[in-house]
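Breakdown of the fold
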Amino acid sequence: PAFWFIAIMAFCCFAGLNLNVSHAGLYFVSQGLTLDDVSVALSIKGLGGIAALVIGTIILDRFEPVRWHGLGALAMALGAILAAFMGGNFVVMVVYYITIGLGFAMHNSALPAELANIFGNKHYSKIHGAVLPVVAVLASFVPTIAGAIFDSTGTYLPAFLGLAVIGIIGFVCSLMIRLPKT
């Protein structure tokens, strides 16, 4: 089951990134913020990613990568919840973008290590090569789904709530993976 739980966690992070780059700006503008506000927040988003990569580099030899990956999915979920309920607040929007940056960078820094830790170096390239393309293709439907949600409801709110649920599922999956014996 570890393979499927890791694939779900990866999907969560890709889904968050895809919703972010496709519809988040439109959502925040619909909540009363300006395009200038969104541009500033997007430029700050990278700081979350850089922070996660730096921290990950420092602690991933002492902290289980699977749990780090799950925390990345949880960060995205928390950002999505904040955005869903307080999307008209500039500070909340900045926090949302930082959590998306954190979550995806945590995914990127953890996935190679967790695959090698759980499945071994012998199978690493086959498993990594199987997980990423499938997850990326599935997550590529997120923008279309979010657009359909907006077209049918007139708001992106359900899409952000959906991202929150997906992120929480990813976090729970990370807790269900049995850690390798050291």
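Structure shown above.
A few points on the structure. (Residues numbered from 1 in each chain as written. Predicted model: local features only at pLDDT ≥ 70, side-chain atom pairs only at ≥ 80, totals over all residues. Heavy atoms only, no water.)

**As for the overall build of the chain**
Secondary structure assignment for the chain yields 7 helices and 0 strands. Counting helices and strands in the order they occur from the N terminus, the chain gives α-α-α-α-α-α-α. A globule of 182 residues ought to have a C-alpha radius of gyration of about 16 Å, and the chain, at 16 Å, matches this closely. Summarising its shape, the C-alpha atoms of the chain cover approximately 50 × 35 × 25 Å along the three principal directions. Counted over contacts in the chain with a minimum sequence separation of 6, partners at least 24 positions apart contribute 85%. (Helix = DSSP H or I, 4+ residues; strand = E, 2+ residues; numbered from the N terminus. Rg over C-alpha atoms; globule rule 2.2 N^0.38 Å. Contact = heavy atoms within 4.5 Å.)

**Some remarks on helix α6 (residues 142-153)**
In this model, α6 (12 residues) spans 16 Å end to end at C-alpha, consistent with the 16 Å of a helix rising 1.5 Å per residue. Taken residue by residue, α6 has Val142, Ala146 and Gly147 as its buried positions. Relative to the axis of α6, the buried residues are bounded by an arc of 135° and lie together on one face. Exposed and facing more than 90 degrees away from the buried side of α6 are Thr144, Ile145, Asp151 and Ser152. The secondary structure elements touched by the buried residues of α6 are α1 (2-30), α5 (121-139) and α7 (157-176). With its phi angle positive at about 80°, glycine 154 sits one or two positions after the end of α6. (Expected span 1.5 Å × (residues − 1). Buried < 20%, exposed > 50% of the residue type's maximum accessible area, 1.4 Å probe, protein only. Arc of directions from axis to C-beta.)

**Comments concerning the packing of helix α2 (residues 35-59) against helix α4 (residues 90-119)**
Where α2 contacts α4, the axes come no closer than 7 Å and their chain directions differ by 35°. Remark: the crossing between α2 and α4 carries right-handed chirality. Residues Asp37, Val38, Val40, Ala41, Leu42, Ile44, Lys45, Gly48, Gly49, Ala52 and Leu53 of α2 pack against Phe90, Met93, Val94, Tyr97, Ile98, Gly101, Leu102, Ala105, Met106 and Ser109 of α4. Along the lines of polarity and charge, the residues of the contact of α2 with α4 split into 15 nonpolar, 4 polar and 2 charged. (Axes fitted to C-alpha atoms, helices over the stretch in contact; angles between N-to-C directions. Left-handed = near helix turned anticlockwise from the far one by under 90°. Nonpolar A, V, L, I, M, F, W, Y, C, P; charged D, E, K, R; others polar.)

**Details of α2**
Over its 25 residues, α2 runs 37 Å from end to end, which matches the ideal 36 Å to within 8%, given 1.5 Å per residue. Where the residues of α2 are buried, they touch α1, α3 (65-86) and α4.

**Focus on a nonpolar patch on the surface**
A cluster of nonpolar side chains, Leu78, Ile81, Phe85, Met86, Ile168, Val172, Leu175 and Met176, forms an exposed patch at the surface whose accessible area comes to about 740 Å². Those elements giving two or more residues to the nonpolar patch turn out to be α3 and α7. Here leucine 175 shows up in helix α7. (Patch = residues over 30% accessible without salt bridge, like charges linked within 9 Å, V, L, I, M, F, W, Y side chains within 5 Å. Areas by Shrake-Rupley, 256 points an atom, 1.4 Å probe, with all protein chains shown as cover. Salt bridge = Lys/Arg side-chain N within 4 Å of Asp/Glu carboxyl O.)

**Remarks on the nonpolar core**
Counting residues in hydrophobic clusters, the biggest one holds 45 residues, and the most contacted among them are Leu19, Phe28, Met93, Tyr96, Tyr97, Phe160 and Ile177. Only α1, α2, α3, α4, α5, α6 and α7 provide two or more residues apiece to this core. Considering every element that reaches this core, the biggest residue donor is α1, with 15 residues. Beyond its immediate chain neighbours, meaning those up to four positions away, methionine 93 contacts Phe28, Leu33, Asp37, Val38 and Ala41. Judged by nonpolar contacts, the second largest core, of 6 residues, contains Ala52, Trp68, Ala105 and Met106. (Core = buried A, V, L, I, M, F, W, Y, C linked by side-chain atoms within 4.5 Å.)

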